[in-house]
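# Fold and contact review
Residues per chain are reported as follows:
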Amino acid sequence: MSASGGTRAIVAALAANLAIAVAKFVAFLFSGSSSMLAESVHSLADSGNQGLLLLGGKKAKREATPQHPFGYGRERYIYAFLVSIVLFTVGGMFAIYEGIEKINHPHPIEAWYWPVGVLVFAIIAESFSFRTAIKESNEIRGKQTWTQFVRRAKAPELPVVLLEDLGALVGLVLALGGVGLALLTGNGVWDGIGTLCIGVLLIVIAIVLAAETKSLLLGEAAGIEEIEKIKTALVDGDVVTRVIHMRTLHLGPEELLVAAKIAVEGHDTATEVANAINAAEARIREAVPIARVIYLEPDIYRPEAAQ
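No experiment lies behind these values; they were computed from the predicted model shown.

### Topic: the overall build of the chain
Counting its secondary structure elements, the chain contains nine helices and three strands. Reading the secondary structure of the chain in the N-to-C direction produces α-α-α-α-α-α-α-α-β-β-α-β. Whereas a compact globule of 307 residues would reach a radius of gyration of roughly 19 Å, the chain reaches 25 Å, over 25% beyond that. Expressed along its principal axes, the backbone C-alpha trace of the chain runs to roughly 90 × 40 × 35 Å. With 307 residues in all, the chain has 46% of them scored as buried.

Structure below.
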């Protein structure tokens, strides 16, 4: 992923959410709408989430240390996982609590033009943020579907922002529907139902984010295309005759560890093998630039060892 592209999407979402959060809270104060309160907390939580993503990106750039010899690239995964927790607790659970409270104790919406006007403004602002995230994602998505992109992306920022913005837009529509039905029927229960739906939506998105970032935290291999490129780069047909077995692991979104056992001929000298390994490492880095940590072990090929 382009780090600058991810940062642009995060900053755009942060600016939009801060403005929207203030506007929603003002609308809640004037109207008493629980949907507006839930949405203001949602936008505030999203703003905090974007702050976490920016912080994670900054911490991930630290140099490797003797205690952390592979660097801090996974900091970005940790902070993305924290985002899912914040979205679940602060956004989803609060909205569900507020929705249930409003359903049990409904009251009419006052100064209806405040929530309606702010929701329309929020939909427009959130659409611009969502458009930025889509534009930045399209630059690296390739032929993948959106579902595949979210599931396979090794850099967590864009999938997180995409899902947050999508959830925000759907939540705004739900809030507008709840407020609209409450105004049309004069029954504040609809406002509570809209709030409850927002909470369920946020929890579903948080669970999806948690599942995807958990997989990244546990450690994911390179993509299929990268693995094939590495295997092709390893074999020179002269000294290195085949790949016996290979493992890859993302140390961060833009750093890949490659460990492989390669087959050489028994009559090759140590110098020939060493030169072949150095050449193979150079070919791998040229084919897959993010392959920065490479360990190659030469061996004589035996079918039973190729596991």
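### Brief notes about the nonpolar core
Formed by 42 residues in total, the largest nonpolar core has its most connected members in Leu-53, Leu-87, Leu-119, Val-160, Val-161, Ile-205 and Leu-209. At the level of elements, α1 (3-31), α2 (34-59), α3 (75-104), α4 (113-141), α5 (146-152), α6 (157-185) and α7 (189-218) are the ones that each hand at least two residues to this core. Looking at this core element by element, the count peaks at 10 residues for α6. Residues within four places of Ile-205 in sequence aside, it is in contact with Leu-87, Leu-163 and Gly-167. In terms of nonpolar packing, the next biggest core, distinct from the first, is built from 22 residues, Ala-222, Leu-234, Val-239 and Val-243 among them.

### Quick notes on the pattern of salt bridges
Counting across every chain of the model gives nine salt bridges. A salt bridge links Glu-157 to Arg-76, with the shortest nitrogen-to-oxygen separation between them at 2.7 Å. With a gap of 81 residues between them, Glu-157 in helix α6 and Arg-76 in helix α3 connect regions that are remote in the sequence. The pair Glu-157 / Arg-76 is uniform in exposure class, with both members buried.

### Quick notes on a nonpolar patch on the surface
A cluster of nonpolar side chains, contributed by Leu-181, Leu-184, Trp-190 and Ile-193, occupies part of the molecular surface with about 380 Å² of accessible area. If you list the elements that add at least two residues to the nonpolar patch, you get α6 and α7.

### A look at the environment of Val-179
Tracing the sequence through the fold places Val-179 in helix α6. Residue classification places Val-179 among the buried residues on the basis of a relative accessible area of 0%. Setting aside chain neighbours within four positions, we find Val-179 in contact with Ser-33, Ser-35, Ile-109, Pro-115, Val-116, Leu-119 and Asp-191.

### Observations concerning the pairing of strand β3 (residues 291-299)
When strand β2 (residues 255-264) meets β3, the two strands line up parallel, connected through eight bridges. When the sheet's bridge partners are listed, Val-258 is paired in β3 with Ile-294. Each parallel crossover has a hand, and for β2 linked through helix α9 (residues 270-287) to β3 it is right-handed.

### A short note on the layout of surface pockets
There is about 920 Å³ of room inside the largest pocket. Looking at the largest pocket, it is lined by 29 residues, and the ones nearest its centre are Ile-140, Gln-144, Arg-152, Gly-223 and Glu-226. Elements supplying a minimum of two residues to the lining of the largest pocket: α4, α5, α6 and α8 (224-234). Of the residues in the lining of the largest pocket, the class split is 16 nonpolar, four polar and nine charged.

### Considering α8
If you check which residues of α8 are buried, you get Ile-230, Ala-233 and Leu-234. The buried residues of α8 all sit within an arc of 100° when viewed along its axis, so they share a single face. Facing away from the buried side of α8 by more than 90 degrees, the exposed set consists of Ile-224, Glu-225 and Thr-232. Buried positions along α8 lie against β1 (240-252), β2, α9 and β3.

### What about the packing of α2 against α6?
As a packed pair, α2 and α6 sit with axes 10 Å apart at the nearest point and diverge in direction by 170°. Overall, the two elements α2 and α6 adopt an arrangement that is roughly antiparallel. Where α2 approaches α6, its residues Ser-35, Glu-39, His-42, Asp-46, Asn-49, Gln-50 and Leu-53 are matched on the opposing element by Glu-157, Val-160, Val-161, Glu-164, Gly-167, Ala-168, Gly-171, Leu-172, Ala-175 and Val-179. Each residue belonging to the contact of α2 with α6 can be placed in one class, and the counts come to seven nonpolar, six polar and four charged.

### Points about empty space enclosed by the protein
The final tally for this structure, using the stated rule, is one cavity of 30 Å³ or more. Quantified by volume, the largest cavity comes out at close to 80 Å³. Around the largest cavity, the lining residues are Val-150, Arg-151, Ala-153, Pro-156, Pro-159, Val-160, Leu-209, Glu-212, Thr-213 and Leu-216. Examining the composition of the lining of the largest cavity, we find that four residues originate from one element, α7, more than from any other. Broken down by class, the residue content of the lining of the largest cavity amounts to seven nonpolar, one polar and two charged.

### What about the sheet that holds β1?
The strands making up a sheet associate through backbone hydrogen bonding, with each pair oriented either parallel or antiparallel. Taken in spatial order, the three strands line up as β1-β2-β3 in an open sheet, and their pairing is mixed. With partners counted over all chains shown, the strands left at the sheet margins are β1 and β3, one partner each. Strand after strand, the sheet turns through a mean of 15° between neighbouring axes, direction not considered. Contacts from α8 reach β1, β2 and β3, with the element oriented near 140° to β1.

What counts and how
- Residues numbered from 1 in each chain as written.
- Predicted model: local features only at pLDDT ≥ 70, side-chain atom pairs only at ≥ 80, totals over all residues.
- Heavy atoms only, no water.
- Helix = DSSP H or I, 4+ residues; strand = E, 2+ residues; numbered from the N terminus.
- Rg over C-alpha atoms; globule rule 2.2 N^0.38 Å.
- Buried < 20%, exposed > 50% of the residue type's maximum accessible area, 1.4 Å probe, protein only.
- Core = buried A, V, L, I, M, F, W, Y, C linked by side-chain atoms within 4.5 Å.
- Contact = heavy atoms within 4.5 Å.
- Salt bridge = Lys/Arg side-chain N within 4 Å of Asp/Glu carboxyl O.
- Patch = residues over 30% accessible without salt bridge, like charges linked within 9 Å, V, L, I, M, F, W, Y side chains within 5 Å.
- Areas by Shrake-Rupley, 256 points an atom, 1.4 Å probe, with all protein chains shown as cover.
- Pairing = 2+ DSSP bridges.
- Right-handed = clockwise from strand over helix to strand, strands pointing away.
- 1 Å grid on protein atoms, 1.4 Å probe; cavity = no way out; pocket = protein on both sides within 12 Å on 5 of 7 lines; lining within 4 Å.
- Points joined across faces, edges and corners; volume = space filled by probe spheres on them.
- Nonpolar A, V, L, I, M, F, W, Y, C, P; charged D, E, K, R; others polar.
- Arc of directions from axis to C-beta.
- Axes fitted to C-alpha atoms, helices over the stretch in contact; angles between N-to-C directions.
- Parallel < 35°, antiparallel > 145°, perpendicular 65-115°, else oblique.

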